[in-house]
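These are the residues of each chain, in order.
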Amino acid sequence: MNALYDRFAGPARAALPRLTPAESAVVLRELARLERSEGPGALRDGRPAGSLFARLRGLAAEVPERLYTDSADVLLRMHEIAGSGNLQSNLSSLPLVRACFALGLVPDGGESGAGPAELIVGRGHIAPAFHAEHYVRGTLPFTPLATLHQGGLPGVVDRELGFRNTMRYSLGVGVAQAVGLAWELARRGTDRKVVCLAGDGELHEGVAFEALRFAHDVGLTNLVLVVDANAKGIEPLAKPVNTGYLAAYLGRLMEADGRDEWAVQAALGALLTLPGPSVLVCRTSKGDHSFRPADGTARGPARPSFAATAGRMLARHQERTGREMAVFTPDLAARFGLRGQVPYTNTGLAETLTVGMTLSLPEDTLKVVATDAMYYMDSLSMLTEATTSVRNLLVLAGRSWGAWGGAHNATNLLGLLLHTRVYEPVTPAEFAACLARLGRDPATAHVVSMVDAVFDPPGEDCSADIDGGVWLTPPGPDPADVAVVTFGYAGVLVDEANRDLGVPHLHCASLTPRLAPADLAVLRGCRRLLSVEYNGARGGFGEGLRARHLLPVEVHGVRRDIARQVHARQLPLHGMAPDMLRERLARLLESREAGRAPAHA
């Protein structure tokens, strides 16, 4: 077993064509050293000896050559190699990160309890800035840096890589984690401080307000909040950060030029020595949120994803119907292509407010909440309230295959809410049919899962009956022996995989379809029946078919949490790449006794 080599070797070798000759040489030397040094002898009780961070630190010591001496240059190369990311967010916080290193808040080994204070990185997507600074200081090798977002190095903070917390939730949770740790230290009778790095956009989160209020009410004296105030989330903020409310809750407030690491270091160092809670507001600057290579070689098609066409489709609906529309989004207007298409209100990263603002609007107003598979999880209780009391509610639930959200979040969990119907359209006509259905049934909240991927739509769709199904590959004149039923985006993938196989393929846009008797008769007559869904298999689309219609369905779906990898790597990871689905469909043609199919195949 060579866990470290297995984790990084594949993504690093795949990145070699994008590396300079000097980078390639270092990566190959590091991989060779890693393959030799971390064999069975590196195991302890059957597990790798030492933490992941400690083992990477050891590799950096064995191959000490540094290709770059400025962490800003390292950050740029990480993003150029990955072809994606949020470079500007990392550069905005880089002077703050350097100050934390200089003050000893980031121990070389990543151990807590060392240094002058505990560090919580609430602005978790600036993890690459820490990795870059570790590299120039000699405590990380280059190989992991070449695997950012590609299955090796995650783009957010992770306990395995020396951070106190692991980021699996919305940004504001970091402030809550810092308050929780400060409260626990105070309860134990120590005055050790907790430093939390946050962003001004992050402070829009409801949980951040709640955490700071709690810190004030219980009298915490050991919390130091450091705010990267760059006046931008994904979009520009409506107003600068309100320093008055921060001072009201935390008392002492200092401001510094966040672009000057020495000014930040001096101010933060002073606050660490002074008694009581405090806040340091660092004025910084930030460019475009998403990274695009300067030479225009960004990988992937230039045309927008299906999710990014939502604004255009909403505008067409408004033009057709003349309906009054109120659109709210937590800083995700670009994700759904709203700008220039429909008027909208950006609530910042305040997802509970985004839903809550719909509760008292006129009944006839079409209320659109354009959110994300991660963000709405923080407002689930408010969303439950909305589905039981709001008419004409449309929730656009973004489906991303990157760092955020579990396999069940975007569809299955929302399908459990009262008075809710969940759809995943893959054509503009299906999207329009979802809105038309909402117009006919305004008392039911319609959740429309919007796939954040680029694809060619299938030749047929469910627009004529959004709750039914359509045969993308119709059965022949004889009774069908096998068939496949798909939900949403999975139908696009299976349609590509099935082009030369001819397996009868029924596509559904509804998570809980109401299939026509003729379609059910075809499915019930099949010797083998497969369902494919790009969301969690447990309790999802396929198992719903089994429970509602007693069909002996074999379920093929995502069984694990969505990993922190780009979409192209998610497909093979979860058995959803078209070539893998083609093999799965070919196996469907193999003989098996009817009714004996396993629940999950």
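The structure this text deals with has already been given above.
Residues numbered from 1 in each chain as written. Predicted model: local features only at pLDDT ≥ 70, side-chain atom pairs only at ≥ 80, totals over all residues. Heavy atoms only, no water.

A. Summary view of the overall build of the protein chain. Looking only at helices and strands, one finds 20 helices and 18 strands in the protein chain. When each of the 601 residues of the protein chain is scored for burial, the buried share is 56%. Within the protein chain, contacts between residues at least 6 apart in sequence are counted, and of these 78% link residues at least 24 apart. By element, 52% of the accessible surface of the protein chain is carried by carbon and sulfur atoms, the whole surface being about 23,800 Å². (Helix = DSSP H or I, 4+ residues; strand = E, 2+ residues; numbered from the N terminus. Buried < 20%, exposed > 50% of the residue type's maximum accessible area, 1.4 Å probe, protein only. Contact = heavy atoms within 4.5 Å. Areas by Shrake-Rupley, 256 points an atom, 1.4 Å probe, with all protein chains shown as cover.)

B. Structural context of the pattern of salt bridges. Under the criterion given, the structure shown has 28 salt bridges. With a closest N to O distance of 2.7 Å, glutamate 80 and arginine 77 form a salt bridge. One end of the pair is glutamate 80 and the other is arginine 77, both in helix H4 (residues 71-82) and three residues apart, which spans about a single turn. Here arginine 437 and aspartate 467 are joined by a salt bridge, their closest N and O atoms 2.7 Å apart. Here arginine 437 is found in helix H15 (residues 428-440), whereas its partner aspartate 467 is found in the loop between strand E13 (445-451) and strand E14 (469-473), with 30 residues between them in sequence. Each of the two residues, arginine 437 as well as aspartate 467, counts as buried. Among the charged side chains, a network of salt bridges with common partners joins Asp70, Arg98, Glu133, Arg137 and Glu261. (Salt bridge = Lys/Arg side-chain N within 4 Å of Asp/Glu carboxyl O.)

C. A look at the state of the cysteines. Within this structure, the stated rule accounts for zero disulfides. As a non-bridged cysteine, cysteine 508 has cysteine 462 as the owner of its nearest cysteine sulfur, 5.8 Å distant. (Disulfide = S-S within 2.5 Å.)

D. Fine view of the side chain of aspartate 519. Relative to the elements of secondary structure, aspartate 519 occurs in helix H17 (residues 517-524). Among buried charged residues, aspartate 519 stands out as having no salt bridge; its nearest opposite-charge side chain is arginine 524, 11 Å away. Not counting chain neighbours up to four residues away, the residues in contact with aspartate 519 comprise Gly469, Trp471 and Leu506. (Lys, Arg positive; Asp, Glu negative; His and termini not counted.)

E. Seen up close, the side chain of serine 71. With respect to the secondary-structure elements, serine 71 resides in helix H4. Other than its neighbours up to four places away in sequence, serine 71 contacts Leu94, Arg98, Ala132, Glu133 and Val136.

F. Seen up close, the nonpolar core. In this structure, Phe130 and Val195 are the most contacted members of the largest nonpolar core, which totals 65 residues. Considering each element in turn, this core owes the most residues, seven residues, to helix H5 (residues 87-102). Leaving out residues up to four positions away in the same chain, valine 195 has contacts with Leu105, Ala117, Glu118, Leu119, Ile120, Val224, Val226, Leu268 and Leu272. Membership of the second largest hydrophobic core comes to 54 residues, among which are Leu366, Cys434, Leu435 and Tyr489. (Core = buried A, V, L, I, M, F, W, Y, C linked by side-chain atoms within 4.5 Å.)

G. Just the packing of H4 against H5, in detail. Two elements in contact, H4 and H5, have axes separated by 10 Å at closest approach and are oriented at 155°. Accordingly, the angle class assigned to the pair H4 and H5 is roughly antiparallel. In this structure, H4 crosses over H5, and the sense of that crossing is right-handed. Of the residues in H5, those touching H4 at Ser71, Ala72, Leu75, Leu76 and His79 are Leu87, Asn90, Leu91, Leu94 and Arg98. Residue composition of the contact of H4 with H5, grouped by class: six nonpolar, three polar and one charged. (Axes fitted to C-alpha atoms, helices over the stretch in contact; angles between N-to-C directions. Parallel < 35°, antiparallel > 145°, perpendicular 65-115°, else oblique. Left-handed = near helix turned anticlockwise from the far one by under 90°. Nonpolar A, V, L, I, M, F, W, Y, C, P; charged D, E, K, R; others polar.)

H. Spotlight on the sheet that holds strand E7 (residues 278-283). In space, the five strands of this open sheet follow the order E3-E4-E5-E7-E6, with parallel pairing throughout. Looking at which strands have only one partner, the edges of the open sheet turn out to be strand E3 (117-121) and strand E6 (252-257). Averaged over all adjacent pairs, the angle separating strand axes in this sheet is 20°, with direction ignored. Sheet topology note: the strand E4 (residues 193-199)/strand E5 (residues 223-229) ladder contains six bridges and is parallel. Across the sheet, valine 194 pairs through a bridge with leucine 223, a residue of E5. The sheet strands contacting helix H9 (residues 243-250) are E5, E6 and E7, and the helix crosses E7 at an angle near 155°. (Pairing = 2+ DSSP bridges.)

I. Broad picture of the packing of aromatic side chains. Applying the stated rule across the entire model yields 10 aromatic pairs. On the basis of an interplanar angle of 85° and a centroid distance of 6.1 Å, the ring pair of tyrosine 245 and tyrosine 249 is categorised as edge-to-face. Of this pair, tyrosine 245 and tyrosine 249 are both found in helix H9, four residues apart, which corresponds to roughly one turn of the helix. Each residue in the set Phe306, Phe455, Tyr489 and Tyr534 is aromatic and connected to the rest through ring pairs, giving one cluster. Its end group placed over the ring of tyrosine 135, arginine 66 keeps NZ or CZ at 4.3 Å from the ring centre. (Phe/Tyr/Trp six-rings, centres within 6.5 Å; stacked < 30°, edge-to-face > 60°. Lys NZ or Arg CZ within 6 Å of the ring centre and 35° of its normal.)

J. Seen up close, helix H2 (residues 21-37). For H2, spanning 17 residues, the distance from its first C-alpha to its last is 24 Å, which sits close to the expected 24 Å at 1.5 Å a residue. Three or more residues of H2 are buried, namely Glu23, Ser24, Val26, Val27, Glu30, Leu31 and Leu34. Around the axis of H2, the buried residues are gathered within 165° of arc, so they sit on the same side. The exposed residues of H2 that point more than 90 degrees off its buried face are Pro21 and Arg36. Next to the buried residues of H2 lie helix H1 (3-15), helix H3 (52-62) and H4. (Expected span 1.5 Å × (residues − 1). Arc of directions from axis to C-beta.)

K. Fine view of the pairing of E14. Summarising burial for E14: four of the five residues are buried, a large majority. Where E14 and strand E16 (residues 505-508) come together, four bridges link them in antiparallel fashion. Looking at E16, one finds that valine 470 is bridged to histidine 507.

L. Representation of helix H11 (residues 310-321). Relative to the 16 Å expected for 12 residues at 1.5 Å per residue, H11 spans 16 Å between its end C-alpha atoms, a close match to the ideal helical length. Two residues or fewer after H11 comes glycine 322, characterised by a positive phi angle close to 70°.

M. Geometry of the environment of glycine 138. Inspection of the secondary structure assignment puts glycine 138 in the loop between helix H6 (127-136) and helix H7 (173-187). In the structure, glycine 138 is positioned 74 residues away from proline 64 in sequence and 6.8 Å away in space, judged by C-alpha atoms. Among all residues touching glycine 138, those that are not within four sequence positions of it are Ala60 and Arg66.

N. The packing of H5 against H6, seen in detail. Direction vectors running N to C along H5 and H6 enclose 50°, while the axes themselves pass 9 Å from each other. Our classification of the angle between H5 and H6 gives oblique. Pair H5 / H6 crosses with right-handed handedness. Judged by residue contacts, Asn90, Leu94, Val97, Arg98 and Phe101 of H5 engage Ala127, Pro128, Ala129, Phe130, Glu133 and His134 from H6.

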